[in-house]
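# Structural characterization, general
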Amino acid sequence: MASSSPSRQPTNHWVNGSPQRSVLDELYAEDRNSEARHRYLLEVAKQEHERVRKEAERVYLEQLKREELQRIEEERRKEQERIRLEEERIRHEEQLAAERARLNELKAKKIEIPPPLPEPEPPAAPAPSRTTPAAPAAKQNEPVQINGPATKPAPPIQSGGLFGSSGLKPAATAPSIGASLFPSQLTPAAQSQLPPPAPPASSVPASTAPKPNGIGPASESSRSAAAPEARTVPDRYIEIHKNLKLLRKSVMEQAKTNPALKSRLGDMRREIRKSVGQLTVASGVAGVNKVQQQKINSLLREALSNQVQSQLMEVSNFVLEPRNPVQGAVNNDAVLPSIFLYLINIFAKAAIAQFINEAGSRPETADPVGICVAATLSEPDFLWRGKSLIDMLLAKFRVVCPVLFGHRGSEKTEQGRARIGWWKDCGRWVSEQQHMDRMTGLGAGFAAISLRNFAHSKKTNPFPPREYWAAMARIVNTPAADISGTQCTVLKAMVEGYEQKFIEFYGTAALAALRTALIEFPARATQRSPAVDALQVVAQRLKRDTGLVLG
């Protein structure tokens, strides 16, 4: 028919699908549910699945390659770090080897230090004739012998006052100004053997300048004749200290052949050290250290009974001056058991160690040790010919704190440090802080022993307060150019915490002495230092806390 539309021809669009065929065309296509259409879609899905699988395999392989590269890079970095550390170690060892070699060269290098020039000898004068008392007869079992009489190594106080140029005039309770430093302890023979003062380093005339031992001159006319001979008198405290070393060696030798002594000696030594170390500050509680005190006394009495049969030894080797028998004394023989003398030495050594190790940082801990020392050495059973054996303790003080005995020196030189007791550890000087801590503890310990009140006790004070006064005088009489930080540190430790006891003993004279020590003495120092300033701080603290105005 001419006017009719041409008949629709069936077409297989799924066979020749167009890429531009829309989704709607796909949905509304007549053959959308045909088998051929389904096969076509399955084929397309299969091809897409294969493509995704291959793409996933490709990505997976690439990831494995990247991880392998990262692992190799990490191992390489770690290897480089190990190499760097090893190179750094080798470099440090090379530097250390070079420093050690340099140190060995410095240690091997020796510099000859010329000896100091000898002091000028005073003009010779005829010495008065006097007889030297004979030495005690030697004992067969005595390992140490001292020839000649022992003397008190302390010159008299200058006639201008105990504190030299300060112009102070102590009250009647203070030591006599023109007399000897220890008037009640020196015999006329011993006074004639006192060592003379060395010439002063300053330009002050010899008749008025303070002496190197810290004490001003006495009447030159009364001592000039004995000066040349007295110069050769050795330091008795140093001799006692050497004899104590020989005593220890002798007791150790005895222990090798005496089983009873060997089995008991170590226990007694440890018990004494432990008891001294357990002494605590009383803080107003009476009898807090009673057990330790009784333990020490018990051990010393056991040693004095000599149950272990130790050898007898001459006691005169360990005291400052010769002693004659005293009527009524418990121990009048010339000898005592060596184990007793050895334990007195151990007790003294433990007290000194406690002063250094504890009182250096806490000066108040020195007081119970001082009480124990004074109480123990004043026991009548432990006296020898009416006097205590405190000279054994003072010999140790003389070695570790010489400024208490008038010795002084520069803190910047080897010889000066040795003179003032600057300690060496493994052949090297200890630090300045350690040195000052030691001096603080020893100064406080000296005050704790010497400022004990025995007014209400039947015992005799083994170290009366006049020794404190004399030690202070030796320090404050130092010429201005020779004042050192060590002296100021010791003086501060002697005063701080003990000013009330000092005033109780000497009254107005103590106030004058404190003014000299805390105001005038540091003001004369030519070189300022923290130790010098600390003395003036003590004076300010006394004014603030107690209202005591010294100047």
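Residues numbered from 1 in each chain as written. Predicted model: local features only at pLDDT ≥ 70, side-chain atom pairs only at ≥ 80, totals over all residues. Heavy atoms only, no water.

Per an unreviewed UniProt entry, the protein chain carries the name mRNA export factor GLE1 and comes from Remersonia thermophila. The UniProt entry for the protein chain carries the following comment under Sequence similarities (unreviewed entry): "Belongs to the GLE1 family." Turning to the protein chain, the UniProt annotation filed under Subcellular location (unreviewed entry) states: "Nucleus, Nuclear pore complex". (UniProt positions renumbered as here; feature names shortened; annotations may be inferred.)

Of regular secondary structure, the protein chain possesses 18 helices and four strands. Counting across all 551 residues of the protein chain, residues that qualify as buried make up 41%. In the protein chain, the proportion of contacts linking residues at least 24 apart, taken out of those at least 6 apart, comes to 73%. Accessible area of the protein chain: about 31100 Å², with a carbon and sulfur share of 55%. (Helix = DSSP H or I, 4+ residues; strand = E, 2+ residues; numbered from the N terminus. Buried < 20%, exposed > 50% of the residue type's maximum accessible area, 1.4 Å probe, protein only. Contact = heavy atoms within 4.5 Å. Areas by Shrake-Rupley, 256 points an atom, 1.4 Å probe, with all protein chains shown as cover.)

What follows is about a nonpolar patch on the surface. Among the surface-exposed residues, Tyr40, Leu41 and Val44 lie close enough to one another that they form a single nonpolar patch of about 250 Å² accessible area. Structurally, the position occupied by Tyr40 is in helix H2 (residues 35-108). Residue Tyr40 is classed as partly exposed on the basis of its relative accessible area, which comes to 38%. (Patch = residues over 30% accessible without salt bridge, like charges linked within 9 Å, V, L, I, M, F, W, Y side chains within 5 Å. Salt bridge = Lys/Arg side-chain N within 4 Å of Asp/Glu carboxyl O.)

For Arg385, which is not a glycine, the phi torsion comes out positive at approximately 55 degrees. When you line up the elements, Arg385 lands in the loop between helix H10 (366-377) and helix H11 (391-400). Residue Arg385 is classed as buried on the basis of its relative accessible area of 14%. Within the chain, Cys426 stands out as a residue other than glycine whose phi angle is a positive 55 degrees. For Cys426, the location among the structural elements is in the loop between strand S3 (424-425) and strand S4 (428-429).

Put simply, helix H15 (residues 485-495) and helix H17 (residues 508-524) touch, their axes get as near as 11 Å, and they point 140 degrees apart. In terms of axis orientation, H15 runs oblique to H17. In this structure, H15 crosses over H17, and the sense of that crossing is left-handed. Note on element contacts: H17 touches H15 through Leu514, Ala517, Leu518 and Phe521, opposite Cys488, Leu491 and Val495. Counted by class, the contact of H15 with H17 contains seven nonpolar, no polar and no charged residues. (Axes fitted to C-alpha atoms, helices over the stretch in contact; angles between N-to-C directions. Parallel < 35°, antiparallel > 145°, perpendicular 65-115°, else oblique. Left-handed = near helix turned anticlockwise from the far one by under 90°. Nonpolar A, V, L, I, M, F, W, Y, C, P; charged D, E, K, R; others polar.)

An α-helix turns once per 3.6 residues; consequently, residues spaced three or four apart project the same way. An ideal rise of 1.5 Å per residue puts 16 Å on 12 residues; H10 measures up with 16 Å between its terminal C-alpha atoms. Burial analysis of H10 places nine of its 12 residues in the buried class, the great majority of the element. Along H10, the residues classified as buried are Ala366, Pro368, Val369, Gly370, Cys372, Val373, Ala374, Thr376 and Leu377. Packing partners of the buried residues in H10 comprise helix H8 (290-305), helix H9 (338-357), H11 and helix H13 (432-450). (Expected span 1.5 Å × (residues − 1).)

Taken N-terminus to C-terminus, the directions of H9 and H10 make an angle of 165 degrees; their axes are 10 Å apart at the nearest point. In terms of their interaxial angle, H9 and H10 are classed as roughly antiparallel. Between H9 and H10 the crossing geometry is left-handed. Residues Ile344, Phe347, Ala351, Gln354 and Phe355 of H9 form the contact with H10, whose own contacting residues are Ala366, Val369, Gly370, Cys372, Val373, Thr376 and Leu377.

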